[in-house]
Amino acid sequence: MSEREGVDEDTRRAVLDALATGPATGPELAERLGVSRAAVWKRIEALRDAGFEIRGDDGYRVTSVPAYGAAAVEFGLEAPYRVEYHDALPSTNARARELAKAGEDRVAVLADEQTGGRGRLDRGWNSPSGGIYLSVVLRPEITPREAPLLTLAAAVATTRALREAGVDAGIKWPNDVLSRETGGKLVGILTEMEGEADRVSWVVVGFGVNANVDPADLPEGATSVRAEAGDVDRRVFVQRVLEEFDALRGEPDAILDAWRELAITLGERVRVETPTGEVIGRALDVEAPGRLVVETDEDEVRVHAGDCEHLRPV
Ligand code: BT5
């Protein structure tokens, strides 16, 4: 069950945002937000129930934030997303698709674990408790062709958050984030959408981050933040991902520049399995909306989608 049921959504978020900026008394909050004192009090009590410690002697002041959860991630979040949290879900992307089909926008679905996590091409995604499973619902004004840029932006946002957490992460085209130390996969991104030829109706961008989990619970070739740099504060990590992702959205040039800077694929010899065959050569560049430019023995080839493997130089 989500934490928001039965509570007025605007008041809920407004009280959280007001508390994040500093202490305020009940009457001050009521006046600033244009609601009754009873509504403010009800909201404060609901936050306490959700695990916040809020002192009330000299104006309400947050003295402790719960480790994880919807309100915990929304508290101090500098990006316009409502957060929905579940202890367990089959797949946060599946839940996000439901919300998208119901017309929602700018929702971030989070789960502590997934029981039916999905990768691309219907592959599975191991999702033990302690990882980060995050799916963002958006209704951007873009064409379906431009949607891969969002996947690149998601990879950039996660890589930045990982580096802030002390992990030496880099991006492998198109959407894997790996450890540059061990080569293990830390993050997978799955973008799904619905729309017509010229207009996207909604996009769901799903992030799977091997955060505070043991590599023994992951497939071979995977690593985790815990193994590379020690446990991370998932609340802060999710906030940073959402903030970086939101800042990049709608800035195609900034996305591509940032992607190039964080990529480990450019300059490498690669083998890319595409739907129409295999391409082997040197990865030269990435172009909008996410094509990889590969220099083969004969030609320069532009690859739209596929699985990419880095080869040793010959
Ligand atoms: C991906 O697929 O890398 C995209 C994964 C997206 C997962 C997120 S979690 C939140 C949201 N909800 C979902 O249901 N999905 C999204 P792909 O490139 O196809 O990689 C899948 C392959 O990676 C699998 O076939 C395994 O070999 C391997 N794999 C599975 N779980 C993994 C893990 N936790 N870490 C690293 N590799 C894994």
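For the structure, see preceding data.
What counts and what doesn't
Residues numbered from 1 in each chain as written. Predicted model: local features only at pLDDT ≥ 70, side-chain atom pairs only at ≥ 80, totals over all residues. Heavy atoms only, no water. Pairing = 2+ DSSP bridges. Helix = DSSP H or I, 4+ residues; strand = E, 2+ residues; numbered from the N terminus. Axes fitted to C-alpha atoms, helices over the stretch in contact; angles between N-to-C directions. Contact = heavy atoms within 4.5 Å. Phe/Tyr/Trp six-rings, centres within 6.5 Å; stacked < 30°, edge-to-face > 60°. Buried < 20%, exposed > 50% of the residue type's maximum accessible area, 1.4 Å probe, protein only.

Attention now moves to the sheet that holds strand E8 (residues 185-196). The strand order E3-E4-E5-E9-E8-E7-E6 describes an open sheet built from seven strands, whose pairing is mixed. Pairing within the sheet leaves two strands with one partner each, and these edge strands are strand E3 (82-89) and strand E6 (169-172). Neighbour-to-neighbour, the strand axes of the sheet open up by a mean angle of 20 degrees, direction not taken into account. Sheet topology note: the E3/strand E4 (residues 107-114) ladder contains seven bridges and is parallel. Bridge pairing in E4 places Glu84 opposite Val109. Along the sheet face, helix H5 (residues 92-101) touches E3, E4, strand E5 (132-138), E8 and strand E9 (199-209) and points at about 155 degrees away from the line of E9. Sheet strands touched by helix H8 (residues 234-248): E4, E5 and E9. Its angle to E5, the strand with the most contacts, is close to 30 degrees.

Scanning the model with the defined rule gives three aromatic pairs in all. Ring geometry for Tyr68 and Tyr85: centres 5.6 Å apart, planes at 75 degrees, overall edge-to-face. Of the two residues, Tyr68 is situated in the loop between strand E2 (61-64) and helix H4 (70-74) and Tyr85 in strand E3; the sequence distance between them amounts to 17 residues. Owing to a relative accessible area of 13%, Tyr85 belongs among the buried residues under this scheme. Ring plane angle 90 degrees and centroid distance 5.8 Å describe the contact between Phe207 and Phe245, whose orientation is recorded as edge-to-face. Here Phe245 lies in helix H8 and Phe207 lies in strand E9, a separation of 38 residues in the sequence. Side by side, Phe207 and Phe245 carry an identical accessibility label, which is buried.

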